[in-house]
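Fold and geometry: a report
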Amino acid sequence: MAFTLYTLIQTAILCTNAVAVLHEERFLSKIGWGVEQGVGGFGDDPGVKAQVLNLIRSVRTVMRVPLIMVNSVCIVLLLLFG
Amino acid sequence: MDLPHHGYRSTKQRTRGGPPSSDSVLFDDTSATAPMNSQGYYTPSGYSVDGPSADLQGGPGANNLFTDPVASAAMMYGSSLANQGKDMVNKEISRFMSVNKLKYFFAVDTKYVVKKLMILMFPYTHQDWEVRYHRDSPLTPRQDVNAPDLYIPTMAFITYILLAGIALGIQKRFSPEVLGLCASTALVWIIIEVLVMLLSLYLLTVHSDLSTFDLVAYSGYKYVGMIFTVLSGLLFGNDGYFVALAWSSCALMFFIVRSLKMKIIPSSDSTMGMGGAKPQLRLYITVATAVFQPIIIYWLTSHLVR
């Protein structure tokens, strides 16, 4: 596989977009990955599932606005340069 | 060579109130250039070598660049602008990554590099794998051979790219774009590996003191093995390639397991609840990292030796 840095950027944008479109109440709660199921144990060992849910929620909160800008730039560039 | 100094002294005396009468005959040649010298105060020391020729030729035509006050003022302005730009760049970079932490990784010396390379290629006789600390901060690589550094991975990466160019050239498949492609592929694999390591350490709540640069260092050590493999593949053909691949894979796996075991798996004798993750999960991470190394070595070098 011949990677380029452009491929890496593309992959990162695609993955972040994929995490950002997971809807909270239509999808995540239905499969038991909602926000309230993530804060289970209060020990010092949150467990893998709680960490994953935390990660998804924080990615969605933090990356929402930058993703909008990055996606707009990508759309414009792809329209101009194919 | 007395003339340049006399020229300098004559300018200083001229600003104070004129030279003594005995010197005026000797230094009439520089009088045309002296007033222009005294404005740019650093120019006399800057071109004292040109002093004699200027005195001998006499006349402002020989040194018009530095004696022109506008040019010297522009030079000073330009250098102050460059300093400002440098300060700004330093400030911006230090917002993203701390340069002091990076300097720690490059504080190496020859003895450390030689010992570390030998450990990377033959780690089975190394006894003590603990990273020594000095009042809560890790020792620099100069003082502790177990400390990770970024000098060896960087140099090994560049050497690997050059070796890849040589190998492709031997097979008459070389072109400059291929070199850039090889470099960016290797870089992307490093980035992927570091991201996967960070993600797994975060998800399994392993509280270790491995920073990002430590992970970059540990994943860059495989390039030493790759260089050895490619070299023996070029020198000894396919058999040499596989023998060297097996040797450097085993050595690297041993090295990674022993090094990361110290950091990820707590060596104290308390059982669970120490740092939040079960010991077997930590072992899985260490072993998975170790197993990943030979795969990557094979992937990135096999196309060079076929």
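Residues numbered from 1 in each chain as written. Chains lettered and ligands numbered in written order. Predicted model: local features only at pLDDT ≥ 70, side-chain atom pairs only at ≥ 80, totals over all residues. Heavy atoms only, no water.

Scanning chain B from N- to C-terminus turns up 14 helices and two strands. A burial count over chain B gives 40% of its 306 residues as buried. Residue pairs at least 24 apart in sequence account for 72% of intrachain contacts in chain B once pairs closer than 6 positions are excluded. As displayed, chain B offers around 17,300 Å² of accessible surface, 66% of which is attributable to carbon and sulfur atoms. (Helix = DSSP H or I, 4+ residues; strand = E, 2+ residues; numbered from the N terminus. Buried < 20%, exposed > 50% of the residue type's maximum accessible area, 1.4 Å probe, protein only. Contact = heavy atoms within 4.5 Å. Areas by Shrake-Rupley, 256 points an atom, 1.4 Å probe, with all protein chains shown as cover.)

So, on to the nonpolar core. Residues and elements named next belong to chain B. With 53 residues, the main nonpolar core has Tyr160, Tyr223, Phe255, Ile264, Leu300 and Leu304 as its most contacted residues. Among the secondary structure elements, those contributing two or more residues to this core are helix H9 (110-121), helix H10 (151-170), helix H11 (176-203), helix H12 (212-220), helix H13 (222-264) and helix H14 (279-305). Among the elements that line this core, the one with the most residues is H13, at twelve residues. By size, the runner-up hydrophobic cluster in this structure holds six residues, among which are Leu102, Tyr104, Ala147 and Leu150. (Core = buried A, V, L, I, M, F, W, Y, C linked by side-chain atoms within 4.5 Å.)

Here the idea is plain: a probe the size of a water molecule rolls over the atoms and shows the empty space left. Residues and elements named next belong to chain B. Scanning all chains against the criterion turns up two cavities of 30 Å³ or more. When its volume is computed, the largest cavity comes out at roughly 80 Å³. Elements with a contribution of two residues or more to the lining of the largest cavity: H9 and H13. By residue number, the principal contributor to the lining of the largest cavity is H13, which donates three residues. (1 Å grid on protein atoms, 1.4 Å probe; cavity = no way out; pocket = protein on both sides within 12 Å on 5 of 7 lines; lining within 4 Å. Points joined across faces, edges and corners; volume = space filled by probe spheres on them.)

This brings us to the packing of H10(B) against H11(B). All names here are of chain B. At their nearest, the axes of H10 and H11 sit 10 Å apart, and the two run at 140 degrees to each other. As far as their axial angle goes, H11 and H10 are oblique. In the packing of H10 onto H11, the handedness of the crossing is right-handed. Within the contact between the two elements, H10 uses Phe157, Tyr160, Ile161, Ala164, Gly165 and Leu168 and H11 uses Val178, Leu179, Cys182, Ala183, Ala186, Leu187 and Ile190. Its residues assigned to classes, the contact of H10 with H11 comprises twelve nonpolar, one polar and no charged. (Axes fitted to C-alpha atoms, helices over the stretch in contact; angles between N-to-C directions. Parallel < 35°, antiparallel > 145°, perpendicular 65-115°, else oblique. Left-handed = near helix turned anticlockwise from the far one by under 90°. Nonpolar A, V, L, I, M, F, W, Y, C, P; charged D, E, K, R; others polar.)

All names here are of chain B. In this structure, Ser232 sits in helix H13. Judged by relative accessible area, Ser232 falls into the buried class, the value being 9%. For Ser232, the residues in contact, after removing those within four places along its chain, are Gly237, Gly240, Tyr241 and Ala244.

A word on the packing of aromatic side chains. All names here are of chain B. Tallied over the entire structure, the rule returns twelve aromatic pairs over all chains. Geometrically, the ring pair formed by Phe105 and Phe213 is edge-to-face, given 5.9 Å between the ring centres and 65 degrees between the ring planes. Here the residue Phe105 occupies a position in helix H8 (residues 99-105), and Phe213 occupies one in helix H12, the gap between them amounting to 108 residues. Taking relative accessible area as the criterion, Phe105 reaches 0% and is therefore assigned buried. With a centroid separation of 5.6 Å and 50 degrees between ring planes, the pair formed by Tyr160 and Tyr223 is classed as tilted. (Phe/Tyr/Trp six-rings, centres within 6.5 Å; stacked < 30°, edge-to-face > 60°.)

On to the side chain of Gln51(A). With respect to the helices and strands, the residue Gln51(A) is situated in helix H3 (residues 47-62). Among the polar contacts made by the side chain of Gln51(A), one reaches the main-chain carbonyl oxygen of Tyr202(B) at a distance of 2.7 Å. (Polar contact = N/O pair within 3.5 Å; in protein donor to acceptor, adjacent residues only side chain to side chain.)

A few words on the layout of surface pockets. In this model, the largest pocket occupies a volume close to 670 Å³. Around the largest pocket, the lining is made up of 20 residues, and of these Ala12(A), Cys15(A), Thr16(A), Leu195(B) and Leu199(B) lie nearest the centre. Contributing elements (two or more residues each) for the lining of the largest pocket: helix H1 (5-20) and H3 of chain A together with H11 of chain B. Here the lining of the largest pocket gets eight residues from one element, more than from any other, and that element is H11(B). Residue classes in the lining of the largest pocket are distributed as 17 nonpolar, three polar and no charged.

For chain A, the average pLDDT comes to 83, and 85% of its residues sit at 70 or higher. Mean pLDDT across the secondary structure elements of chain A bottoms out at helix H2 (residues 24-28) of chain A, with 79, and peaks at helix H4 (residues 64-81) of chain A, with 93. (pLDDT = per-residue confidence, 0-100.)

What follows is about the interface of chain B and chain A. On the side of chain A, 15 residues touch chain B, which itself brings 16 residues to the contact. Roughly 1,400 Å² of surface becomes buried between chain B and chain A when both sides are summed, with 71% attributable to carbon and sulfur atoms. The tally of links from chain B across to chain A stands at zero salt bridges. Our enumeration of links across chain B and chain A arrives at one residue pair in polar contact (both at pLDDT 80 or more). It is H11(B) that provides the largest number of residues to the side of chain B that touches chain A, a total of eleven residues. (Buried area = accessible area lost by both parts, 1.4 Å probe. Salt bridge = Lys/Arg side-chain N within 4 Å of Asp/Glu carboxyl O.)

The phi dihedral of Lys172(B) is positive, around 60 degrees, even though this residue is not glycine. Along the polypeptide, Lys172(B) turns up in the loop between H10 and H11.

Another point: the environment of Ile265(B). With respect to the helices and strands, Ile265(B) occurs in the loop between H13 and H14. The spatial distance from the C-alpha of Ile265(B) to the C-alpha of Val206(B) is 8.8 Å, given a sequence separation of 59 residues.

What follows is about the environment of Pro176(B). All names here are of chain B. Structurally, Pro176 is set in helix H11. Relative accessible area serves as the criterion here: at 62%, Pro176 is assigned to the exposed category. Remark: the alpha-carbon pair of Pro176 and Gly165, spanning eleven residues in sequence, is separated by 8.5 Å.

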